[in-house]
Amino acid sequence: MKKGYKITLITLLVLMLLGIGTMVGVYQWAAHDLPGFKNITDYNPPLVTTVYSKDNEVMGYFYKEKRFLVRMDEMTPMLPKAFLAAEDASFYEHDGVDFKAIFRAFMANLKTGSIKQGGSTITQQIIKRLLLTPEKSYERKLKEAILSFRLEHYLEKDEILTIYLNHIYLGAGAYGVEAAARVYFGKHVNELTIAESALLAGLPQAPSRYDPLRHPERAKSRQLYVLGQMYEQGWLTKDQYNTAVEQKLEYKSMPDPSWKVGSYYLEEVRRWLIDKFGEEVVYKGGLKVYTACDLKHQKAAEESVRDGLERSTRRRGWRGPLEELGPDQYEQFLKSEKLEVSDLMPGEWVKVLVSDVSRKKAEVRFNDFKGTIPVKTMRWCRELDPSKSWEDVRPKKDATKILKKGDVVWAEVDEAFFPDGSEVNFNQVDPETDSLDGCRFVLKLRQHPVVQGAMVSMEPENGKVLAMVGGYSFGESQFNRATQAKRQPGSAFKPIVYSTAMDNGFTPASVLMDAPFVYTDMDQGKLWKPQNFEGVFYGPTLLRTALVKSRNLVTIRLARKMGISQIIERAKTLGLQTEFPKDLSVALGSASVTLLNLCEAYTAFARGGSIIKARMVLKVSSAWGEIMYESKPEVKDAISPQTAYIMCDLLKQVVQHGTGWRAKVLKRPIAGKTGTSNNEQDAWFMGFTPKLLTGVFVGFDQLTPMGKWETGSRAAGPLFVEYRKKVEKDYPYTDFQQPEGIVMAKIDASSGLLATPDSKKYYFLPFKEGTQPTRTASPSGGDSEEGGGSSEDIFKQTF
């Protein structure tokens, strides 16, 4: 008896040792090639980089996976419980592996003869997603269990659950609960109801199968299961459960602002970020990027550029329809144009099909609507002729000469009428709820411009770029004409020439000859005969007047007297980065520059002598809040405060009495300068106050004339004015501060000497102390003693 007992005991002991040895062997076999925990303990998932405006409004996102990192304390308390109820109710009780769940899954799989259930805990799911392959095998399950047990001893339970809730894929391109809350409910995780939380918690098992946007019935069924589990666990009261079950779920996605307002600004920030941090960090790092963009300014700038370019294209006439359809194509076109009420508000553009044309109007159809385009809205449809101004070409008065049946064109909604003939009051129309079915529309004929433009607006005090527009439509062209296009600024370069003169013995009252000029290039065998824009010569001219009226010939003579090298050196000192022609044409703006760079150069005038680099990105922080970059103003002394003030005063006179006259409507002390390159290929307007500096460029991408009189004043000036009208009141009325060392003098307009009571015309001009005239003008306008530069000296300038 004792012998049998001993044998049994020994046998059990041996079996136990063999079992332990087997378990140890299996453990060693499974554990020998296990990965480490670095990917989890240093959890760094692909996250969305968010770009913010000046007022912390979201401008856009950059990402590979749409995931926003959130902490547990930022979630509604029922959200984690909903996921636990659906996936792992005993999460806070086990050590990473739920043996009961595994046993249930094993028995279920044994019955089916294949692996159908996993029984994985949330910890195991993290291991599977971050460390192991998704294959279904018992070997992987064993490795998963070992790693899960280890992970539970590395991290706290809340840390593991936080990783899970941020990492899990929940369908519709949403990774993590915050992205899912935005995609399905248009909310943040701290705003979700119990019913909404339960719906999200039901998605991990099969995101596509339970997608509430495509399969709302399946999603509801799964949600009810999760709510039932929450109630069984005692995490919901009866009332909470009933309320959640009865809640009607409304699905709507949170609007993604990316590439809507500020698209060119956003793209410039994206390129800067990639240059600074690399593409991997930008698209996966979850950066928080804070910019200087002011959305009010940005919207105003975009509207002004868009409207200005549309007016510009109408001045060049009608290019023809977008398409010409046959009768068999009409219905297909009408069905393809799906329009909402918001697409039919005044000012919106729609593609329309011309169904009939008479002299006075064109009848059109679009979607299920009908409308009329009166011929009076077609008067701009002149014959294209760059050699003539639009005022010189007769307007069209016969719609049949412009449109024909089957044409597809753009039209702008003007007004609408109900079937009973009463006019639609669009101020009372709610685009979300109201209907315009049966209404008849009155529209205006329109066309998208080919001509392009750009605008940059920045604060010269700190370099912050408040607005940037790089073209008519970012969707049509991502080329940024504010930062990537180098174009000739024409006369917008002249303030650089005249500022050089103020430091080289000249004053605003210096007199130079406005007369024909011929320059011979012996090396190339070429003659250069520059002219004033008007083709007129004005004789002896004050430098003040030469700049105000943008006289080319005076500027050329001034450059010749000073020397080209001094002008180029001044341009470089002001920060202009380009190749400068080493000939007199540089004085007329023949060196190509970007709009942003020219704005930076002009800050020297607005700031009282120093230039400042433009700043778009102010701060970048990591997903965890660590500051990775912080911008500080980059300031460099360039010219004296006295020279800067003189230039500001002269440029204010450009607005009050010269080519920048359109800006007078703003009723502010604005300094400005127009610029037009040869053949009206480039048009510029640069304008600034002490608080805000704005530059505008207009021109075709290919060097093509825009048409007669399409100058900086006409083509670019109105864009500046329309933008500044919308933002100017945000700044106090401020004039440029006169520095020490400046004196004002009343100057005779014809001689440049001190004015007398007999002077027919005079100006109050600034001078550096000691450079102001001391002699007075004679009654005839000449020098009462020697003259302001003798007649002989002025005569010699002609030759």
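Residues numbered from 1 in each chain as written. Predicted model: local features only at pLDDT ≥ 70, side-chain atom pairs only at ≥ 80, totals over all residues. Heavy atoms only, no water.

Remarks on the overall build of the protein
Part 1: Counting its regular elements, the protein contains 23 helices and 26 strands.
Part 2: Across the 799 residues in the protein, those meeting the buried criterion constitute 54%.
Part 3: Considering only intrachain contacts with a sequence separation of at least 6, the fraction spanning at least 24 residues in the protein is 70%.
Part 4: Total accessible area on the protein is roughly 38,200 Å²; 51% of this is exposed by carbon and sulfur atoms. (Helix = DSSP H or I, 4+ residues; strand = E, 2+ residues; numbered from the N terminus. Buried < 20%, exposed > 50% of the residue type's maximum accessible area, 1.4 Å probe, protein only. Contact = heavy atoms within 4.5 Å. Areas by Shrake-Rupley, 256 points an atom, 1.4 Å probe, with all protein chains shown as cover.)

Let's talk about the environment of Ser610
Part 1: Here Ser610 lies in strand E18 (residues 610-612).
Part 2: If we ignore the near neighbours within four places in the chain, the residues touching Ser610 are Thr603, Ala604, Val635, Lys636, Asp637 and Ala638.
Part 3: Here the side chain of Ser610 touches Arg607 through a polar contact of 3.0 Å, side chain to side chain. (Polar contact = N/O pair within 3.5 Å; in protein donor to acceptor, adjacent residues only side chain to side chain.)

Some details on helix H18 (residues 552-562)
Part 1: Burial runs high along H18: nine of the eleven residues are buried.
Part 2: Three or more residues of H18 are buried, namely Asn552, Leu553, Val554, Thr555, Ile556, Arg557, Leu558, Ala559 and Met562.
Part 3: Of the residues trailing H18, Gly563 is marked for its positive phi of about 100°.

Observations concerning the confidence of the model for the protein
Part 1: Summarising the model, the protein shows a mean pLDDT of 88, and 86% of its residues fall at 70 or more.
Part 2: Low confidence marks residues 794-799, where pLDDT is under 50. Its contacts with residues over four positions away, or in another chain, come to 14 contacts. (pLDDT = per-residue confidence, 0-100.)

Points about helix H8 (residues 177-185)
Part 1: With respect to burial, H8 is a largely interior element, nine of its nine residues being buried.
Part 2: Every buried residue of H8 is accounted for by Val177, Glu178, Ala179, Ala180, Ala181, Arg182, Val183, Tyr184 and Phe185.
Part 3: Taken together, the buried residues of H8 touch strand E2 (58-62), strand E3 (66-67), helix H3 (78-87), helix H7 (157-167), strand E4 (174-175) and helix H9 (194-201).
Part 4: Where H8 terminates, the next one or two residues include Gly186, which has phi positive at roughly 65°.

Some thoughts on the pattern of salt bridges
Part 1: What the rule picks out here adds up to 33 salt bridges.
Part 2: Across the salt bridge formed by Arg222 and Glu87, the nearest N and O atoms sit 3.9 Å from each other. Taken together, the positions of Arg222 in helix H10 (residues 216-232) and Glu87 in helix H3 put the pair 135 residues apart, joining distant regions of the chain.
Part 3: A relative accessible area of 8% places Arg222 in the buried class.
Part 4: Residue Lys652 is joined to Asp735 by a salt bridge in which the shortest nitrogen-to-oxygen separation is 2.9 Å. (Salt bridge = Lys/Arg side-chain N within 4 Å of Asp/Glu carboxyl O.)

Topic: the pairing of strand E10 (residues 407-417)
For a regular strand, side chains alternate in direction, first toward one face of the sheet and then toward the other.
Part 1: Extensive coverage of E10 is indicated by the burial of eight of its eleven residues.
Part 2: Sheet topology note: the strand E7 (residues 349-357)/E10 ladder contains five bridges and is antiparallel. Following the sheet pairing, Lys351 is matched in E10 by Trp410.
Part 3: By the bridge criterion, seven bridges tie E10 to strand E11 (residues 440-446) in an arrangement that is antiparallel. If you follow Glu412 over to E11, its bridge partner there is Lys444. (Pairing = 2+ DSSP bridges.)

Notes on the sheet that holds strand E13 (residues 465-469)
Part 1: The strand order across the open sheet formed by five strands is E13-E12-E24-E23-E22, and the pairing between neighbours is antiparallel. Of all strands in the sheet, those with a lone pairing partner are E13 and strand E22 (671-676), marking the two edges. Adjacent strand axes in the sheet meet at a mean angle of 5°, parallel and antiparallel pairs treated alike.
Part 2: Direction of pairing for strand E12 (residues 452-458) relative to strand E24 (residues 693-699): antiparallel, over a ladder of seven bridges. Looking at the pairing, Gly453 lines up with Val698 of E24.
Part 3: Relative to E13, helix H14 (residues 295-315) is tilted by about 30°, and along the sheet it contacts E12, E13 and E24.
Part 4: Strand contacts of helix H21 (residues 641-657): E22 and strand E23 (683-688), with the helix running at about 65° to E22, the strand carrying the most contacts. (Axes fitted to C-alpha atoms, helices over the stretch in contact; angles between N-to-C directions.)

Considerations on empty space enclosed by the protein
Part 1: Across all of its chains, the model carries two cavities of 30 Å³ or more by this definition.
Part 2: The space that makes up the largest cavity amounts to roughly 60 Å³.
Part 3: Considering the residues around the largest cavity, the lining is formed by Tyr61, Lys66, Arg182, Val183, Ser253, Met254, Pro255, Asp256 and Pro257.
Part 4: Its residues assigned to classes, the lining of the largest cavity comprises five nonpolar, one polar and three charged.
Part 5: Here the second largest cavity defines a volume of roughly 30 Å³.
Part 6: Surrounding the second largest cavity, Arg668, Thr689, Pro690, Lys691, Glu728, Tyr731, Pro732 and Thr734 form its lining. (1 Å grid on protein atoms, 1.4 Å probe; cavity = no way out; pocket = protein on both sides within 12 Å on 5 of 7 lines; lining within 4 Å. Points joined across faces, edges and corners; volume = space filled by probe spheres on them. Nonpolar A, V, L, I, M, F, W, Y, C, P; charged D, E, K, R; others polar.)

Here we look at a positive patch on the surface
Part 1: Taken together, the side chains of Lys360, Arg379, Arg394 and Lys397 define a basic patch exposed on the protein surface.
Part 2: Relative to the helices and strands, Lys397 is located in the loop between strand E9 (369-374) and E10. (Patch = residues over 30% accessible without salt bridge, like charges linked within 9 Å, V, L, I, M, F, W, Y side chains within 5 Å. Lys, Arg positive; Asp, Glu negative; His and termini not counted. Charge placed at Lys NZ, Arg CZ, Asp CG, Glu CD.)

Remarks on a negative patch on the surface
Part 1: A surface patch of like charges, here negative, comprises Glu340, Asp430, Glu432 and Asp434.
Part 2: Relative to the helices and strands, Asp430 resides in the loop between E10 and E11.

Structural notes on the environment of Ala683
Part 1: Relative to the helices and strands, Ala683 resides in strand E23.
Part 2: What makes Ala683 buried here is its relative accessible area of 0%.
Part 3: Each C-alpha atom of the pair Ala683 and Arg487 lies 9.6 Å from the other, and the pair is 196 residues apart in sequence.

Digging into the packing of aromatic side chains
Part 1: If you walk through the whole model with that rule in mind, you get 24 aromatic pairs.
Part 2: Residues Tyr169 and Tyr175 carry aromatic rings whose centres are separated by 4.7 Å and whose planes lie at 50° to one another, so their mutual orientation is tilted.
Part 3: Each ring, one from Trp272 and one from Phe277, has its centre 6.3 Å from the other, and the planes form 75°; the classification is edge-to-face.
Part 4: Positioned over the ring face of Phe91 is Lys157, at 4.4 Å from the centre of the ring.
Part 5: Over the ring of Tyr762 we find Lys746, and its NZ or CZ is 4.1 Å from the ring centre. (Phe/Tyr/Trp six-rings, centres within 6.5 Å; stacked < 30°, edge-to-face > 60°. Lys NZ or Arg CZ within 6 Å of the ring centre and 35° of its normal.)

A look at the nonpolar core
Part 1: Judged by nonpolar contacts, the single largest core of 96 residues is most densely connected at Tyr265, Phe493, Tyr498, Leu558, Leu576, Leu595 and Phe688.
Part 2: If one sorts the elements of this core by residue count, helix H20 (residues 595-606) sits on top with nine residues.
Part 3: Setting aside its immediate chain neighbours within four residues, Tyr265 contacts Met59, Thr291, Ala292, Cys293, Gln298, Val465, Leu466, Ala467, Met468, Arg615 and Met616. (Core = buried A, V, L, I, M, F, W, Y, C linked by side-chain atoms within 4.5 Å.)

Side note on the pairing of strand E5 (residues 288-291)
Part 1: Here E5 shows a buried face lined by Val289 and Thr291 and an unburied face lined by Lys288 and Tyr290.
Part 2: Where E5 meets strand E19 (residues 617-621), four bridges bridge the pair, whose relative direction is antiparallel. By the bridge assignment, Lys288 is partnered in E19 with Ser621.

With respect to unusual backbone geometry
Glycine aside, negative phi is the norm for most residues, and most peptide bonds take the trans geometry.
Part 1: Notably, Trp259 is not glycine yet its phi reads approximately 65°, a positive angle.
Part 2: Among the secondary structure elements, Trp259 is positioned in the loop between helix H11 (238-246) and helix H12 (263-277).
Part 3: Trp259 gets classed as partly exposed once you look at its relative accessible area, which sits at 35%.
Part 4: The residue Glu680 is not glycine, and still its phi comes out positive at about 55°.
Part 5: One can find Glu680 in the loop between E22 and E23.

Looking at the packing of H3 against H9
Part 1: Look at H3 against H9: their axes get within 8 Å of each other, and the N-to-C directions meet at 40°. Judged on the interaxial angle alone, H9 and H3 are oblique. The handedness of the crossing between H3 and H9 comes out as right-handed. The segment H3 lies against H9, with Met78, Leu79, Ala82, Phe83, Ala86 and Glu87 engaging Ile194, Ser197, Ala198, Leu200 and Ala201.
Part 2: Taken together, the residues that form the contact of H3 with H9 break down as nine nonpolar, one polar and one charged. (Parallel < 35°, antiparallel > 145°, perpendicular 65-115°, else oblique. Left-handed = near helix turned anticlockwise from the far one by under 90°.)

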